[in-house]
Amino acid sequence: ELYGAITNAGRIQLTDATYLRCFGSSGQGKVINLPGGLVDIQADAHIYGAGQGPNEMVSNQGTIRKSGGTGTSYIYPLLYNSGTLDAQTGTLLIAGGDGAGIFKSEPGATLNFGNSYTVDGGGLITGTGTNLLAGSITINGVISNLTWTSGNLYGNPTVLSNGTLVVSGPGAYHEIYGVATNAGTIRLMDTAILRCYANGGPGQLINLPGGLVDIHDDGQIARA
């Protein structure tokens, strides 16, 4: 258990399915990963919190990667990412926070955004693995590769010209509360329903010249 703030300019390795717990009730419980610093999750290990609010957090200005294990590794404290988050194997799940850094998955790996995360303007969701949105999050950055299976999308995301947003989930509603701009490909799969929801925001889909909205399997674009 970590009761203070540890600052890393070198390498922190998590091995053997260990738990590094940021504990905020009697201290700060913070991991600060500086530019050039590496937090290397080499097994199905976790960075946990104790549920003590904003005193428990991970600030990543360097690189956090999951390089080992075929299961799931969790980052439960608030994650502020201005560096690179890299899922190389298995699943890396982040529970909350925000950042304008790089969020990347490698082939065969999954980066799961969980619920309530915010990708700020300047942030990039990329890689050739699976970047999974299965909850309600805010994206103001750009998308190169994202699979959206459930939940609501807030903010003003942009799909890059060479990017793909896959919307899947049989008969499930996927609601846009902001303005989603597409310069690449939005692909509706599995009879998914993409709903522009103006009650809590603009609820707009803007398909730019060269952009493609590809409706598979009797998918729908609906309004609220």
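Figured I'd write up the structure that's included with this text. Per chain, residues are indexed from 1 in the order of the written sequence. With pLDDT at 70 or above as the cut-off, local features in this predicted model cover only qualifying residues; side-chain atom pairs require 80 or more to be listed or tallied, and sums for whole chains, interfaces and linings still use all residues. Processing note: side-chain calculations cover all non-hydrogen atoms of the structure and skip hydrogens and water entirely.

## Here's the deal with the nonpolar core
Think of a nonpolar core as a cluster: buried Ala, Val, Leu, Ile, Met, Phe, Trp, Tyr and Cys residues, connected wherever their side-chain atoms sit within 4.5 Å. The cut-offs for exposure are 20% and 50% of the maximum accessible area for each residue type, with area from a 1.4 Å probe on protein chains only; residues under the lower value are buried, those over the upper are exposed, and the others partly exposed. Within the largest apolar cluster, 40 residues are counted, with the highest numbers of intra-cluster contacts made by Ile 75, Leu 85 and Phe 113. Here, residues are in contact when the closest pair of their heavy atoms is within 4.5 Å. Leaving out residues up to four positions away in the same chain, Phe 113 has contacts with Ile 94, Phe 103, Val 119, Ile 125, Asn 131, Leu 132, Ile 137 and Leu 146.

## A few points about the packing of aromatic side chains
Only centres within 6.5 Å qualify two rings of Phe, Tyr or Trp (six-membered ring in Trp) as a pair; their planes then separate them into stacked at under 30 degrees, edge-to-face at over 60, and tilted for everything else. Per the stated rule, a full pass over the model turns up nine aromatic pairs. Between the aromatic rings of Tyr 48 and Tyr 76, the centroid separation amounts to 4.7 Å while the plane-to-plane angle is 85 degrees, which identifies the pairing as edge-to-face. With Tyr 48 in strand E6 (residues 46–49) and Tyr 76 in the loop between strand E9 (72–75) and strand E10 (78–81), this pair connects stretches of sequence that are 28 residues apart. Taking the relative accessible area as the measure of exposure, Tyr 76 reaches 38% and is therefore partly exposed. A positively charged side chain is recorded as over a ring if its NZ (Lys) or CZ (Arg) lies within 6 Å of the ring centre. The angle to the ring normal must also be within 35 degrees. Against the face of Tyr 173 rests Arg 195, its NZ or CZ located 4.3 Å from the ring centre. Where helices and strands are cited, they refer to DSSP runs of H or I of at least four residues and of E of at least two residues respectively, numbered from the N terminus.

## Considerations on the sheet that holds strand E23 (residues 173–176)
A pair of strands is labelled paired if DSSP reports no fewer than 2 bridges between them. Strands sit in the order E1-E4-E7-E10-E13-E16-E19-E21-E23-E26-E29 across an open sheet of 11 strands; the sheet is parallel. At either margin of the open sheet sits one strand with a lone partner, and together these are strand E1 (5–8) and strand E29 (220–223). Going across the sheet, the axis of each strand differs from the next one's by a mean of 15 degrees, ignoring polarity. Structural elements are reduced to axes, namely lines fitted to C-alpha atoms, with helices fitted over the stretch in contact, and the angle between N-to-C directions of any two is expressed from 0 to 180 degrees.

## Structural notes on the side chain of Asp 86
Mapped onto the fold, Asp 86 is located in strand E11 (residues 84–87). Here Asp 86 is buried and forms no salt bridge, its nearest opposite-charge partner Lys 104 lying at an N-O distance of 4.3 Å. N or O atoms closer than or at 3.5 Å make up a polar contact, with two conditions inside protein: a donor-capable atom paired with an acceptor-capable one, and, for residues adjacent in sequence, both atoms drawn from side chains. Separated by 3.1 Å, the side chains of Asp 86 and Gln 88 make a polar contact. If near-sequence neighbours (up to four positions away) are discounted, Asp 86 is found in contact with Ile 64, Arg 65, Lys 66, Leu 92, Lys 104 and Glu 106. For the charge count, each Lys or Arg is scored as positive and each Asp or Glu as negative, with His and the chain ends excluded. Here, a salt bridge means any side-chain nitrogen of Lys or Arg that lies within 4 Å of a carboxyl oxygen of Asp or Glu.

## Comments concerning the environment of Thr 91
With respect to the element layout, Thr 91 can be found in strand E12 (residues 91–94). Look at Thr 91 and you get buried, because its relative accessible area is 19%. Spatially, the C-alpha atom of Thr 91 lies 29 Å from that of Ser 25, the residues being 66 residues apart in sequence. Those residues in contact with Thr 91, other than ones at most four positions away along the chain, are Lys 66, Gly 71, Thr 72, Ser 73, Thr 110 and Asn 112.

## Considering the pairing of strand E17 (residues 124–127)
The two faces of the sheet receive side chains in turn, since in a regular strand these alternate between them. Strand direction decides the pairing type here: strand E14 (residues 102–105) and E17, joined by four bridges, are parallel. Residue pairing for E17: Ser 105 is matched across the bridge by Gly 127. Across two bridges, E17 lies against strand E20 (residues 142–148) in parallel orientation. When the sheet's bridge partners are listed, Ile 125 is paired in E20 with Ile 143.

## Quick look at unusual backbone geometry
Residue Asp 16 is not a glycine yet carries a positive backbone phi of 60 degrees. Assignment of secondary structure puts Asp 16 in the loop between strand E2 (11–14) and strand E3 (19–22). The backbone phi angle of Ser 116 is positive, close to 75 degrees, even though this residue is not glycine. Among the structural elements, Ser 116 can be located in the loop between strand E15 (110–112) and strand E16 (117–119).

Remember, this is a structural readout, not a statement about activity or role.
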